[in-house]
Amino acid sequence: MKKIFKLTLSLFLIISSIAMACTGITIKTEDKKIIQGRTIEYGEGNLNSKLIISPRGREFQSLTTEGKLEGLKWKAKYGFVGASLINDMFIGEGINEAGLNAGLFYFPHYGSLSKFEKKNASKSLVDMQFVSWILSNFSTVEELKKELKNIKIVNIVADENGNPLPTAHWRVGDVNGGNIIIEIVNNGEVKIHDNKVGVITNSPDYEWHVKNLNNYINAYAGNAKNYNMNGQEIFSFGAGTGALGLPGDVTPPSRFVRAFYYLSTIKPITNSKEGVGEAFHILNNFDIPIGVEYSKEHKQYIPKDLPSATQWTAISSLNDREFYYKTMYNSQIRKVDLKKIDFTKVEYKALPLDEKPEESIKELIF
């Protein structure tokens, strides 16, 4: 156990500097099923994510900002499946056996947590363990909202002056259609937003992103109408001219706008199987090539072992209790059916997301 804590301590500074670019979407089907999907990007190194299977009844304790296992203790009411970040203790995205989904999204410059105080250690929960706490304790968004006031979210690491470093904001959804964004600002002020548009990216805050959508009120599906001016026919070169003006860069505001556009223009989704497929298709648009964040003079620093900045894409089918994912190494979609797991008996597992770090290619021979 001591080796695990030392490893965790050595990773604190790494996790605090991660500039993750994440895009999340929500799809509601005609038969009232909920699909939550997201990507996670990091172009400076391998996040070493693993597939985590966590049983019901498992005992947890939070680390503190000091790196000690002296924070909040709890016992899991629900088992869950998810994908970890950097360390097996830190869940980036997951779904529990009740169909509750939760995930973290990097929130620099805006997220501002309470400063850790030793006297509050027993009620303190570090931001990187917040998703685990949510998934193991609650079945609905409403249950979570009632309990939030009883804990204090703190940073997993602080600077040399003890000030909290950048943190995340979080998306949580349930089978009843509850869908919220949790943002903690101003040194611990908790803000909860109803995620009406079904999108989340990174900074700025959720309210800013929603207001920014008004700048793209003219975007619509299909083509702009052709017209004639002084005998000159003006026409579309190709399909999609109704979307002219959509931003194409990879910044959080631009990804938010594009994700909203794709969600608002999709065909009616009849069931969860279609919803999962549509979610992957939409999120394919946010797969970021590794070299985008490196200027010409810094190309030599691109990590040799990363084929993509988008390290994995995960989809949770809430009502069906299914967790799907694909990775930067292998675009084969894999599924974990939580209904087939007995969370009272299954042992805790931390498994590689890929059996081999290579694309699964099927050769056709004629």
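This text follows the structure it describes.
Predicted model, so just to flag it, every value in this text is computed and none were measured.

The rules behind the values
- Residues numbered from 1 in each chain as written.
- Predicted model: local features only at pLDDT ≥ 70, side-chain atom pairs only at ≥ 80, totals over all residues.
- Heavy atoms only, no water.
- Buried < 20%, exposed > 50% of the residue type's maximum accessible area, 1.4 Å probe, protein only.
- Helix = DSSP H or I, 4+ residues; strand = E, 2+ residues; numbered from the N terminus.
- Pairing = 2+ DSSP bridges.
- Contact = heavy atoms within 4.5 Å.
- Axes fitted to C-alpha atoms, helices over the stretch in contact; angles between N-to-C directions.
- Core = buried A, V, L, I, M, F, W, Y, C linked by side-chain atoms within 4.5 Å.
- Phe/Tyr/Trp six-rings, centres within 6.5 Å; stacked < 30°, edge-to-face > 60°.
- Lys NZ or Arg CZ within 6 Å of the ring centre and 35° of its normal.

Q: Residue-level account of the pairing of strand 8 (residues 101-106), with values.
A: Where burial is concerned, most of strand 8 is hidden: six out of the six residues are buried. In terms of strand pairing, strand 7 (residues 87-96) meets strand 8 through three bridges, oriented antiparallel. When the bridges of strand 8 are listed, Gly94 appears paired with Ala102. Two successive antiparallel strands, strand 7 and strand 8, enclose a turn made up of four residues, where Gly99 displays a positive phi of approximately 90°.

Q: A description of the sheet that holds strand 17 (residues 310-317) should follow, citing residues and the corresponding values.
A: Here six strands make up an open sheet; going across it, the order is 14-1-2-17-18-19 and the pairing antiparallel. Both edges of this open sheet fall to strand 14 (199-200) and strand 19 (334-337), since each of them pairs with a single strand only. Direction of pairing for strand 2 (residues 34-41) relative to strand 17: antiparallel, over a ladder of seven bridges. Bridge pairing in strand 17 places Gln36 opposite Ser316. Seen against the sheet, helix 6 (residues 272-284) touches strand 1 (24-28), strand 2, strand 17 and strand 18 (322-327) and runs at an angle of roughly 160° to strand 17.

Q: Quick one: what's the story with the nonpolar core, residue by residue and with numbers?
A: Counting 84 residues, the largest nonpolar core has Phe130, Trp133 and Phe323 as the members making the most contacts within it. Apart from residues lying up to four places away in sequence, Phe130 is in contact with Leu125, Leu148, Ile151, Ile153, Trp170 and Ile182. In terms of nonpolar packing, the next biggest core, distinct from the first, is built from nine residues, Ile302, Leu306, Met328 and Tyr329 among them.

Q: Any chance you could break down the pairing of strand 17 for me, citing the residues and the numbers?
A: Walk down a regular strand and you will see the side chains alternate between the two sheet faces. Among the eight residues in strand 17, eight count as buried, and that is most of the element. The sheet contact formed by strand 17 and strand 18 spans six bridges and is antiparallel. Paired with Ser317 across the bridge in strand 18 is Glu322. As consecutive antiparallel partners, strand 17 and strand 18 are separated by four residues, and within that stretch Arg321 has a phi angle of approximately 55°, a positive value.

Q: Tell me what's going on with the environment of Val126, and back it up with residues and numbers.
A: Of note, Val126 is situated in strand 9 (residues 124-126). The spacing of Val126 and Leu113 is 13 residues in sequence and 9.7 Å in space, taken between C-alpha atoms. Those residues within four positions of Val126 in sequence are excluded, and the remaining contacts are Ser62, Leu63, Thr64, Thr65, Val154, Asn155 and Ile156.

Q: If you had to explain the packing of aromatic side chains to someone new, which residues and values would you point to?
A: Scanning all chains against the criterion turns up eleven aromatic pairs. Relative to Phe138, the ring of Trp133 lies with its centre 5.0 Å away and its plane at 75°, an arrangement referred to as edge-to-face. A residue is classified by how much of its surface remains accessible, and Phe138, at 6% relative accessible area, is buried. What links up through ring pairs into an aromatic cluster is the set Phe130, Trp133, Phe138 and Trp170. Between the NZ or CZ atom of Arg38 and the centre of the ring of Phe105, over which it lies, the distance is 4.1 Å.

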